[in-house]
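Observations on the model geometry
Here's the letter readout for the chains.
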Amino acid sequence: MSSSGRADVLVLGSGPAALAAAAHLGEEGISVRLLAPDPEAPWPAEYAAWQGELPPFGDGGPFSHSWPSVLVGLGGSEEVVLDRGYGRIDKAALAEHLRARCARSGVTLTAAVASGVRHHPASSTLSTSAGEMSAALVVDATGHDPVLVRRPPHPPRAAQTAFGLTLELDGPSPFAPDRAVLMDWDDAHLGPDADHLPPSFLYAQPLGEGRLFVEETSLVARPPLPLPELERRLRLRLQALGVRGREMAVERCVIPMGGALPDPGQRVVGFGGAAGMVHPATGYLLPRVLAGAPSLARAVAGVLGADDSLPSEAARAGWQALWPADRRRRYALFRYGMEAMLTMDAPGTRAFFRAFFSLPESEWSAYLGDGGSTPRLLRTMLSAYRSAAPGVRGALRAPLTAGEGAQIARSFLPGGR
Ligand SMILES: Cc1cc2nc3c(=O)[nH]c(=O)nc-3n(C[C@H](O)[C@H](O)[C@H](O)COP(=O)(O)OP(=O)(O)OC[C@H]3O[C@@H](n4cnc5c(N)ncnc54)[C@H](O)[C@@H]3O)c2cc1C
């Protein structure tokens with residue numbers, strides 16, 4: 001921080017993205033002020049990830065609970081077991097780890113709400129509930145509906161919605177203790193009209209000691225499937241499974257997915273949900289945030305550390321680090337997959353996942369994860385198409401005629417978005 005108290009970078013938010021960005025920027029030698037309504041507040045949501053997708057942190061590793069395999073239910077007694085480890089992220093440990101790194105690198109915390117920004121050639125002035133603050137650069141990590149970052153309204157976003165309960169069980173659990181339920185599409189408990197309802201699935205984490213986290217999830221829908229409908233379905237499902245217990249906590253989840261990427265020419269750099277970094281086909285974000293924070297920090301520090309550099313150049317470098325050409329292409333492909341899911345009814349969705357999870361693990365995990373390359377992703381998508389039943393293939397082709405094909409083609413052009 002300069003003697004006037006001005007930071008080089010103001011980071012807005014105190015969620016996973018803001019803390020990761022602030023920690024890495026601080027470690028690059030940048031003076032950082034992190035600003036949020038309550039910078040020390042615990043994160044409200046529960047997070048999970050595949051094993052191996054998160055960098056190690058703290059002493060105990062990234063998970064508070066982990067399972068060596070997960071189950072996918074495809075209706076009736078049809079099930080697929082995926083022998084890939086999955087875990088519930090130890091969010092308190094992760095937050096503490098990132099906060100400690102922020103503290104060590106001199107990041108200062110301010111309790112305030114940001115409301116607007118004005119840009120000048122050599123700085124930006126942020127309006128906040130605690131007064132005006134200036135910095136060379138502003139990083140907006142205020143989540144999926146960011147306070148400053150602009151995103152074009154078209155194509156429109158869809159959303160993943162979920163209603164979840166943490167239960168202390170009264171009786172035995174119907175779920176194996178060593179297996180999380182990634183998705184169970186069985187919907188017999190919804191009665192004869194089930195096939196005509198927008199699809200949703202059960203997600204379940206057996207937590208041991210008589211505790212269970214269950215969530216009824218709409219993978220993606222536009223308009224989003226309302227939370228009261230998901231709650232209704234979850235309660236019917238639990239009744240059908242004979243699951244009863246004391247409700248310890250409720251989770252209400254809305255994750256906007258897809259849509260246009262933010263304009264990379266803007267002076268405020270986004271990060272996390274604010275930068276459209278959520279995986280448009282799965283709703284996951286944390287692995288990408290934790291893996292992406294070092295490159296964002298290096299890119300920004302590289303420019304701000306140079307003599308006579310302009311903040312607009314630092315912003316451009318930041319956006320370029322988040323959304324290089326290969327990532328934009330993958331985003332277009334993932335969004336294509338998301339648009340295809342939007343066209344599928346419940347039987348079509350089950351048929352799609354029957355084909356998808358019949359692929360080798362290396363292929364399905366390339367699609368669900370954050371790593372990989374465009375050619376690998378394309379190979380997976382073509383394999384899934386070839387493995388799918390004819391009716392599902394029609395749904396997988398549908399986005400081509402809805403403009404997504406043109407969008408993918410544009411993303412492959414030099415400088416394309
Ligand atoms: C219920 C739920 C469950 C999820 N589960 C998973 C999961 O299992 N795995 C996964 O990878 N992803 C998951 N996600 C998606 C994603 O990882 C989360 O949404 C994640 O919290 C996004 O991180 P973020 O830091 O970008 O934004 P947020 O966590 O939303 O943080 C935004 C921050 O900005 C602050 N803020 C807001 N407005 C202002 C303002 N005007 N000025 C200053 N600060 C402001 C807020 O106080 C908050 O600290 C889930 C999302 C939800 C909602």
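Here we summarise the structure given alongside this text.

The rules we used
- Residues numbered from 1 in each chain as written.
- Predicted model: local features only at pLDDT ≥ 70, side-chain atom pairs only at ≥ 80, totals over all residues.
- Helix = DSSP H or I, 4+ residues; strand = E, 2+ residues; numbered from the N terminus.
- Rg over C-alpha atoms; globule rule 2.2 N^0.38 Å.
- Buried ≥ 20, exposed ≤ 12 C-beta atoms within 10 Å, placed from the backbone.
- Contact = placed C-beta atoms within 7 Å.
- Axes fitted to C-alpha atoms, helices over the stretch in contact; angles between N-to-C directions.
- Parallel < 35°, antiparallel > 145°, perpendicular 65-115°, else oblique.
- Left-handed = near helix turned anticlockwise from the far one by under 90°.
- Nonpolar A, V, L, I, M, F, W, Y, C, P; charged D, E, K, R; others polar.
- Near = placed C-beta within 6 Å.
- Domains from an automatic or database assignment.
- Pairing = 2+ DSSP bridges.
- Expected span 1.5 Å × (residues − 1).
- Arc of directions from axis to C-beta.

What follows covers the overall build of the protein chain. Along the protein chain, the regular secondary structure elements total 11 helices and 17 strands. Taking 22 Å as the expected radius of gyration for a compact globule of 417 residues, we find that the protein chain reaches 22 Å, a close match to that expectation. Dimensions of the protein chain, computed from the C-alpha atoms along their principal axes, are close to 70 × 50 × 35 Å. Counting every position in the protein chain, which comprises 417 residues, the buried fraction comes to 45%. Restricting to contacts in the protein chain with at least 6 residues of sequence separation, those with at least 24 account for 73%.

A separate point is the packing of helix α6 (residues 325–342) against helix α10 (residues 390–401). The packing of two helices is summarised by the inter-axis angle and the distance between the axes. At a closest axis distance of 8 Å, the pairing of α6 and α10 adopts a crossing angle of 120°. Between α6 and α10, the crossing angle belongs to the class labelled oblique. Judged by the twist between their axes, the crossing of α6 over α10 is right-handed. Contact residues: α6 offers Tyr336, Glu339 and Ala340, while α10 offers Ala395, Leu396, Ala398 and Pro399. Grouping the constituent residues of the contact of α6 with α10 by class yields 6 nonpolar, no polar and 1 charged.

So, about the site of the ligand. Among the 31 residues in the neighbourhood of the ligand, the closest are listed as Gly13, Gly15, Ala17, Gly143 and Gly272. Sorting the residues of the shell around the ligand by element identifies α1 (16–27), β2 (32–36), β3 (48–50) and β16 (245–257) as the ones contributing at least two each. For the shell around the ligand, the per-class residue count stands at 22 nonpolar, 8 polar and 1 charged. No fewer than three residues from each of domain 1 (7–42 + 91–151 + 259–323) and domain 2 (158–257) sit in the shell around the ligand.

A separate point is the pairing of strand β9 (residues 114–120). The pairing of β9 with strand β10 (residues 123–128) spans 6 bridges and is antiparallel. Of the residues in β10, the one forming a bridge with histidine 120 is serine 123. Hairpin geometry of β9 and β10 is characterised by an intervening segment of 2 residues between the two adjacent antiparallel strands.

This part covers helix α3 (residues 227–241). In a regular helix each residue adds 1.5 Å, so 15 residues correspond to 21 Å; α3 covers 21 Å between its end C-alpha atoms and thus fits that length. Among all positions in α3, only Leu230, Arg233, Leu234, Arg237 and Leu238 are buried. Seen along its axis, α3 keeps its buried residues to an arc of 135°; they face one direction. Opposite its buried face, α3 presents the exposed residues Pro228 and Gln239, each directed more than 90 degrees away. Positive phi appears at glycine 242, one or two residues downstream of α3, with a value of about 75°.

Turning our eyes to something else, we now look at the packing of helix α8 (residues 361–368) against helix α9 (residues 374–387). Their axes nearest at 9 Å, the elements α8 and α9 cross at an angle of 115°. The orientation of α8 with respect to α9, classified from their angle, is roughly perpendicular. You can see that α8 and α9 cross each other, and the crossing is left-handed. Each of Glu363, Trp364, Ala366 and Tyr367 in α8 lies in contact with α9, whose residues at this interface are Arg376, Leu377, Thr380 and Ser383. Across the contact of α8 with α9, the residue classes break down as 4 nonpolar, 2 polar and 2 charged.

By definition, the strands of a sheet pair up through backbone hydrogen bonds, in either a parallel or an antiparallel sense. Sheet architecture is open: 3 strands sit in the order β3-β7-β4, paired in antiparallel fashion. Lying at the two open borders of the sheet, with one neighbouring strand each, are β3 and β4 (63–67). With strand direction ignored, the average angle separating the axes of adjacent strands in the sheet is 25°. Note: β4 against strand β7 (residues 86–89), 4 bridges, orientation antiparallel. Among the inter-strand pairings, tryptophan 67 is bridged to a residue of β7, identified as tyrosine 86.

On to helix α2 (residues 91–104). For α2, spanning 14 residues, the distance from its first C-alpha to its last is 20 Å, which sits close to the expected 20 Å at 1.5 Å a residue. Taken together, the buried positions of α2 are occupied by Leu94, Leu98 and Cys102. Buried positions in α2, seen along its axis, are confined to an arc of 70° and lie on one side of it. Among the exposed residues of α2, those oriented more than 90 degrees off its buried face are Ala92 and Arg104. On its buried side, α2 packs onto α1, β2 and β7. One or two positions beyond α2, positive phi appears at glycine 106, with a value near 85°.

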